[in-house]
Each structure stands twice: as structure tokens, then as C-alpha cells.
Amino acid sequence: KISMKLIADRAFGAEELADLTGDEVAQRVLALQHVRLDEERIEEIDNLEMLGMSVSHLYLQRNLLTRIENLESMRGLQLLCLASNQIAVVENLGCLPALKALDVGYNVIEKIEPGQVPPTVLYLTTDGNPLTGMVGGAWEGVFEKLPLLRTHDCVD
């Protein structure tokens, strides 16, 4: 579960936090721009509203996530890494108007629907997914909704 303690421990380390009050820890967490929560066995994206609007990068790779959800408070997010989870559907990303890089590689995604990836995305990583529903011209519909896309799976 995502908690203030987990975020603070990962960002600053227990030693640095030992002499701080709860308010001081909260102030530091609110000022974070990059939040690393990879390899923490997180099963659900939640409690992110405790983070400040300054978060631009969120790393949640190699967890146990099955859904993309509860990102409404992350409006300034520019990079979202969800690689190596158990996510089946690309969803609930419309609340991220600043998103520029999305990594959903190595999940269990079979199809990406047009419009599910925000139109602001420049870099999209989907490799390592089954993507069985993306045959024929399925990618064309997705790419039409991504006018700024520069790179898909490291190919310009």
C-alpha cells in the first residue's frame, strides 16, 4: 500500500528522516518532483493525493498492479512508468493533461483503444505485452489520437 512513510523512506532514507517531525516529513514529501515506488509489491494505485502538484515523474514499475487508477491528483505528471506489472487495460489517463512519456511495457495488455492514451504523449512504450488485439490497422487508430507522438517502443 502506498503510504507517506513508504514515499518518504524511498525518497530520503530512514537515517535522514530520523530527526524530522511529521510535519517536516510531510513538507519534504510535498516538494518531491520524482517519486520512485518501484519493486514495492504495490497492488493498487492509491493515496497519491498526499503528494504535491510538483510531482512530474512517477515510477511504479515491477509491482503487482492490475489497474491504472486514482491518478486524478497527479495533474502535473509528465512521466508515468507502469512497466512490469499485471495491467490488462490502458485506462483512466485522461486526467493527466501534462503526460509526455508513458511506459506500460511488460504487462498483460492485449489491446489499446484509440483515445486511451492522452494526446500529449510524446513517448509510448508498449513492448513486452501480448497485444493480440493490435493486428491489422489497429495501431493507426491509436496513433491518429496521438498527434505529438515521436517514439513508440523506441522507434521514431
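Residues numbered from 1 in each chain as written. Predicted model: local features only at pLDDT ≥ 70, side-chain atom pairs only at ≥ 80, totals over all residues. Heavy atoms only, no water.

(A) Fine view of the overall build of the chain. Along the backbone of the chain there are four helices and six strands. Listing the helices and strands of the chain from first to last along the sequence gives α-α-α-β-β-β-β-β-α-β. What you see for the chain is a C-alpha radius of gyration of 16 Å, in line with the 15 Å of a compact globule of 156 residues. Each principal axis of the C-alpha distribution contributes one length, and for the chain these read about 60 × 25 × 25 Å. Relative to its full complement of 156 residues, the chain shows a buried share of 43%. Sequence separation of at least 24 residues holds for 32% of the intrachain contacts in the chain that already meet a minimum separation of 6. Charge separation in the chain, taken as the distance between the mean sites of 13 positive and 24 negative side-chain charges, equals 2 Å. (Helix = DSSP H or I, 4+ residues; strand = E, 2+ residues; numbered from the N terminus. Rg over C-alpha atoms; globule rule 2.2 N^0.38 Å. Buried < 20%, exposed > 50% of the residue type's maximum accessible area, 1.4 Å probe, protein only. Contact = heavy atoms within 4.5 Å. Lys, Arg positive; Asp, Glu negative; His and termini not counted. Charge placed at Lys NZ, Arg CZ, Asp CG, Glu CD.)

(B) Representation of helix α1 (residues 4–12) in the model. Turning to α1, its buried residues are Leu 6, Ile 7, Ala 8 and Phe 12. Of the surrounding secondary structure, the elements contacted by the buried residues of α1 are α2 (14–17), α3 (22–30) and β1 (34–36). Gly 13 lies just past α1 and shows a positive phi near 85 degrees.

(C) How the structure looks around the sheet that holds strand β6 (residues 151–152). Across the sheet, which stays open at both edges, the six strands sit in the order β1-β2-β3-β4-β5-β6 with parallel pairing between neighbours. Two strands in the sheet have a free side with no partner beyond their single neighbour: β1 and β6. When β1 meets strand β2 (residues 57–59), the two strands line up parallel, connected through three bridges. Along β2, the bridge assignment pairs His 34 with His 57. (Pairing = 2+ DSSP bridges.)

(D) Region of interest: the side chain of Asn 107. Counting through the fold element by element, Asn 107 comes out in the loop between β4 (101–103) and β5 (123–125). Separated by 3.2 Å, the side chain of Asn 107 and the backbone oxygen of Gly 105 make a polar contact. Contact partners of Asn 107, with chain neighbours within four places excluded, come to Leu 82, Ala 83, Ser 84, Asn 85, Gln 86, Ile 87, Gly 128, Asn 129 and Pro 130. (Polar contact = N/O pair within 3.5 Å; in protein donor to acceptor, adjacent residues only side chain to side chain.)

(E) Structural detail: the nonpolar core. One finds Leu 71 and Leu 80 to be the most contacted residues of the largest nonpolar core, which totals 45 residues. Ranked by the residues each element gives to this core, the list is headed by α1, at four residues. Leaving out residues up to four positions away in the same chain, Leu 71 has contacts with Ile 45, Leu 48, Leu 58, Leu 80, Asn 92, Leu 93, Cys 95 and Leu 96. (Core = buried A, V, L, I, M, F, W, Y, C linked by side-chain atoms within 4.5 Å.)

(F) Quick look at the packing of aromatic side chains. Inspection of the entire model under this criterion finds one aromatic pair. Geometrically, the ring pair formed by Trp 139 and Phe 143 is stacked, given 5.4 Å between the ring centres and 15 degrees between the ring planes. Within this pair, Trp 139 and its partner Phe 143 are both found in helix α4 (residues 138–144), separated by four residues, close to a single helical turn. The ring of Phe 12 carries Arg 28 above its face, with NZ or CZ at 5.7 Å from the centroid. In this structure, Arg 36 packs its charged tip against the face of Tyr 59, placed 4.2 Å from the ring centre. (Phe/Tyr/Trp six-rings, centres within 6.5 Å; stacked < 30°, edge-to-face > 60°. Lys NZ or Arg CZ within 6 Å of the ring centre and 35° of its normal.)

(G) Examining the side chain of Asn 129 more closely. You can see Asn 129 is positioned in the loop between β5 and α4. Using a relative accessible area of 11% as the deciding quantity, one classes Asn 129 as buried. In this view, Asn 129 contacts Val 104, Gly 105, Tyr 106, Asn 107, Val 108 and Ile 109; residues no more than four positions away in its chain are not counted.

(H) Layout of the environment of Leu 80. Relative to the helices and strands, Leu 80 is located in strand β3 (residues 79–81). Looking at Leu 80, the relative accessible area reads 1%, which means it is buried. Each C-alpha atom, one on Leu 80 and one on His 57, is 6.1 Å from the other, the two residues being 23 residues apart in sequence. In this structure, Leu 80 is in contact with Leu 58, Leu 71, Leu 93, Leu 96, Leu 99, Ala 101, Leu 102 and Asp 103, ignoring residues within four places of it in sequence.

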